[in-house]
Amino acid sequence: IEVIETHFAWVFLTDTLVYKLKKPVRRRSMDYRTVARRKRGCCNELRLNRRLARSIYLGVIPVVRAKDGSVRLGQGARVIDWAIKMRRLPAARMLDRAIADHTATPQDLTALARLLTAFYGRVRHAPMSPRAYVSTLCARTADNRADLLAPGLELSRRLIEAVIRAQLEFIRSGAVLLGHRASRLVDGHGDLRPEHICLGSASIRPCVIDCLEFDRGLRRLDPAEELAFLELESARLGDSRIGTELARQVQVRMKDPVPGALMHFYRSQRAVIRAKITAWHQLDSQYSRHSRQWRKAGNSYLTDALRYIHLALRNLAREPA
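In this text, all values refer to a predicted model and were calculated from it rather than measured experimentally.

Asks: I'd like to hear about the packing of aromatic side chains, residue by residue, with values.
Replies: If you walk through the whole model with that rule in mind, you get four aromatic pairs. Consider the rings of phenylalanine 8 and phenylalanine 214, whose centres lie 6.2 Å apart with planes at 70 degrees: the pair is edge-to-face. One end of the pair, phenylalanine 8, is in the loop between β1 (2–5) and β2 (9–13); the other, phenylalanine 214, is in the loop between β11 (207–208) and α7 (216–219), with 206 residues separating them in the sequence. A relative accessible area of 27% means that phenylalanine 8 is categorised as partly exposed.

Structure (structure tokens):
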């Protein structure tokens with residue numbers, strides 16, 4: 001059995017199955033400090049991830065202590081925790097690995113585009129008024145600045161201030177453009193990265209796992225923002241064409257062309273979010289011994305964020321609202 005520890009979970013991998021236990025932690029909108037809350041979190045994760053990976057998420061099962069004192073999965077004398085049971089996906093068919101190995105085919109991308117298009121077409125819509133959406137983006141940007149400047153992260157203040165200033169300028173100048181997207185918000189995946197995407201195999205259809213289950217507010221977004229995030233992460237893995245082609249195909253299928261300025265803005269916003277999540281590793285004892293590495297990665301994301309927001313502002317000057 002292979003064991004993987006993340007910020008919020010322990011993941012146990014067998015040859016064919018995966019069991020995921022949530023850590024008893026609290027972070028802002030996430031509170032898993034009790035068994036009951038962890039069960040509720042597991043059930044939410046199961047329900048939400050079945051939207052894009054129905055055959056992968058098999059159920060929520062109890063972790064019990066038997067009368068002889070042993071701990072096991074299934075029925076027993078006393079439930080002490082809950083686990084999500086999943087099918088194990090083939091590592092070679094995950095998109096991050098396929099990008100590294102140059103094995104993703106046009107057929108793979110078309111199948112994934114179909115999956116995402118169908119998802120955005122049927123998922124719960126969560127529109128805002130144009131004014132509320134612009135205000136939400138302003139608040140998010142201000143919160144990102146405060147988070148990035150928090151003690152202990154030691155990220156480049158020059159980069160942070162330059163990125164946030166330019167993002168706020170874009171929100172102000174492109175308020176009409178952004179407002180047009182307010183009616184298209186959905187309860188999306190929330191964390192659409194290549195490592196969460198399986199291209200499928202002879203026995204498994206293309207699917208997407210590990211949605212952001214603990215905060216509906218963070219999943220309430222423009223599908224174009226999710227696609228821009230996937231573009232950002234694909235480019236950072238070495239192949240920007242993968243994310244760009246997927247975004248193009250989904251937008252064509254949805255009949256929803258998105259201006260280049262907006263896609264650049266969304267990439268910049270997502271790069272900032274990734275910068276702070278990466279930098280937060282320094283505050284976790286599990287990762288803190290590699291603080292220099294996490295700071296470097298955080299500043300790298302900020303550099304991307306600055307490049308994309310400059311492209312956004314440049315394109316905004318040329319594109320109609």
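Having put the structure on the table, let's press on.
Asks: Just give me the short version of the state of the cysteines, but keep the residues and values in it.
Replies: Under the definition given, this model contains zero disulfides. Between cysteine 211, a cysteine without a disulfide, and cysteine 42, which holds the nearest cysteine sulfur, the sulfur-to-sulfur distance is 13 Å.

Asks: Could you give me a rundown of the pattern of salt bridges, with the residues and numbers involved?
Replies: Here the structure, examined in full by the defined rule, presents 32 salt bridges. Here arginine 157 ties to glutamate 161 by a salt bridge, and the two come within 3.5 Å at their closest N and O atoms. In this pair, arginine 157 and glutamate 161 both sit in helix α5 (residues 157–173), four residues apart, roughly one turn of the helix. One network of salt bridges, with partners in common, ties together Lys20, Lys22, Glu45, Asp210 and Glu213.

Asks: So what about the environment of alanine 224? Which residues, and what values?
Replies: By secondary structure assignment, the location of alanine 224 is in helix α8 (residues 223–236). The spacing of alanine 224 and alanine 247 is 23 residues in sequence and 7.7 Å in space, taken between C-alpha atoms. Beyond its immediate chain neighbours, meaning those up to four positions away, alanine 224 contacts Arg181, Val258, Met263 and Tyr266.

Asks: I'd like a rundown of unusual backbone geometry, residues and numbers included.
Replies: In this model, histidine 102 sits at a positive phi of 55 degrees, which is unusual for a non-glycine residue. Within the element layout of this structure, histidine 102 appears in the loop between α2 (95–101) and α3 (106–122). The backbone of aspartate 210 shows a phi angle near 55 degrees, a positive value even though the residue is not glycine. Mapped onto the elements of the fold, aspartate 210 is located in the loop between β11 and α7. Its relative accessible area of 24% is what places aspartate 210 among the partly exposed residues.

Asks: Any details on the packing of helix α4 (residues 130–148) against helix α10 (residues 260–279)? Residues and values, ideally.
Replies: Two packed helices can be described by the angle between their axes and the distance between those axes. The contact between α4 and α10 brings their axes to 10 Å, and the two run at 35 degrees. As for how α4 packs across α10, the hand of that crossing is left-handed. Listed contacts from α10 to Tyr133, Leu137, Arg140, Thr141, Asn144, Asp147 and Leu148 of α4 are Phe265, Tyr266, Gln269, Val272, Ile273, Ala275 and Lys276.

Asks: So, a nonpolar patch on the surface: which residues are in play, and what are the values?
Replies: Among the surface-exposed residues, Ile1, Val3 and Trp10 lie close enough to one another that they form a single nonpolar patch of about 340 Å² accessible area. Within the secondary structure layout, tryptophan 10 lies in strand β2.

Asks: Account for the sheet that holds β1, naming residues and giving values.
Replies: A sheet is described by the order of its strands in space; here six strands give the open sequence β1-β2-β3-β8-β6-β7, paired in antiparallel fashion. Of all the strands in the sheet, the pair left with one neighbour each is β1 and β7 (71–73). Going from strand to strand, the sheet's axes swing by 25 degrees on average, the running direction of each strand aside. Running over the sheet, helix α1 (residues 35–53) touches β3 (17–22), β6 (57–65) and β8 (78–87) and is turned about 160 degrees from β6.

Asks: Can you lay out the pairing of β8 for me, pointing to particular residues and giving the numbers?
Replies: Across five bridges, the pairing between β3 and β8 is antiparallel. By the bridge assignment for β8, valine 18 is matched with methionine 86. Direction of pairing for β6 relative to β8: antiparallel, over a ladder of eight bridges. Bridging from a neighbouring strand, isoleucine 61 pairs with alanine 83 of β8.

Asks: So, the side chain of glutamate 45: which residues are in play, and what are the values?
Replies: Mapped onto the secondary structure, glutamate 45 falls in helix α1. Separated by 2.8 Å, the side chains of glutamate 45 and lysine 20 make a polar contact. Contacts of glutamate 45, omitting those with residues within four sequence positions, involve Lys20, Lys22, Tyr57, Ile84, Asp210 and Glu213.

Asks: Please provide a residue-by-residue account of the side chain of glutamate 233, values included.
Replies: If you trace the backbone, glutamate 233 turns up in helix α8. Here glutamate 233 falls in the buried class, since its relative accessible area comes to 6%. Leaving out residues up to four positions away in the same chain, glutamate 233 has contacts with Arg193, Pro194, Arg274 and Tyr301.

Asks: Which residues make up α1, and what are the values?
Replies: Compared with an ideal rise of 1.5 Å per residue, which puts 19 residues at 27 Å, α1 spans 25 Å between its outermost C-alpha atoms and is within 8% of the ideal. Buried residues of α1: Arg38, Gly41, Cys42, Glu45, Leu46, Leu48, Asn49, Arg51, Leu52 and Ala53, and no others.

Asks: Explain the environment of arginine 248 to me, using residue names and the numbers behind them.
Replies: Position of arginine 248 among the secondary structure elements: in helix α9 (residues 240–254). Given the relative accessible area of 46%, arginine 248 is considered partly exposed. Of the polar contacts made by the side chain of arginine 248, one reaches the side chain of glutamate 245; its length is 2.8 Å.

The rules behind these values
Residues numbered from 1 in each chain as written. Predicted model: local features only at pLDDT ≥ 70, side-chain atom pairs only at ≥ 80, totals over all residues. Heavy atoms only, no water. Phe/Tyr/Trp six-rings, centres within 6.5 Å; stacked < 30°, edge-to-face > 60°. Helix = DSSP H or I, 4+ residues; strand = E, 2+ residues; numbered from the N terminus. Buried < 20%, exposed > 50% of the residue type's maximum accessible area, 1.4 Å probe, protein only. Disulfide = S-S within 2.5 Å. Salt bridge = Lys/Arg side-chain N within 4 Å of Asp/Glu carboxyl O. Contact = heavy atoms within 4.5 Å. Axes fitted to C-alpha atoms, helices over the stretch in contact; angles between N-to-C directions. Left-handed = near helix turned anticlockwise from the far one by under 90°. Patch = residues over 30% accessible without salt bridge, like charges linked within 9 Å, V, L, I, M, F, W, Y side chains within 5 Å. Areas by Shrake-Rupley, 256 points an atom, 1.4 Å probe, with all protein chains shown as cover. Pairing = 2+ DSSP bridges. Polar contact = N/O pair within 3.5 Å; in protein donor to acceptor, adjacent residues only side chain to side chain. Expected span 1.5 Å × (residues − 1).

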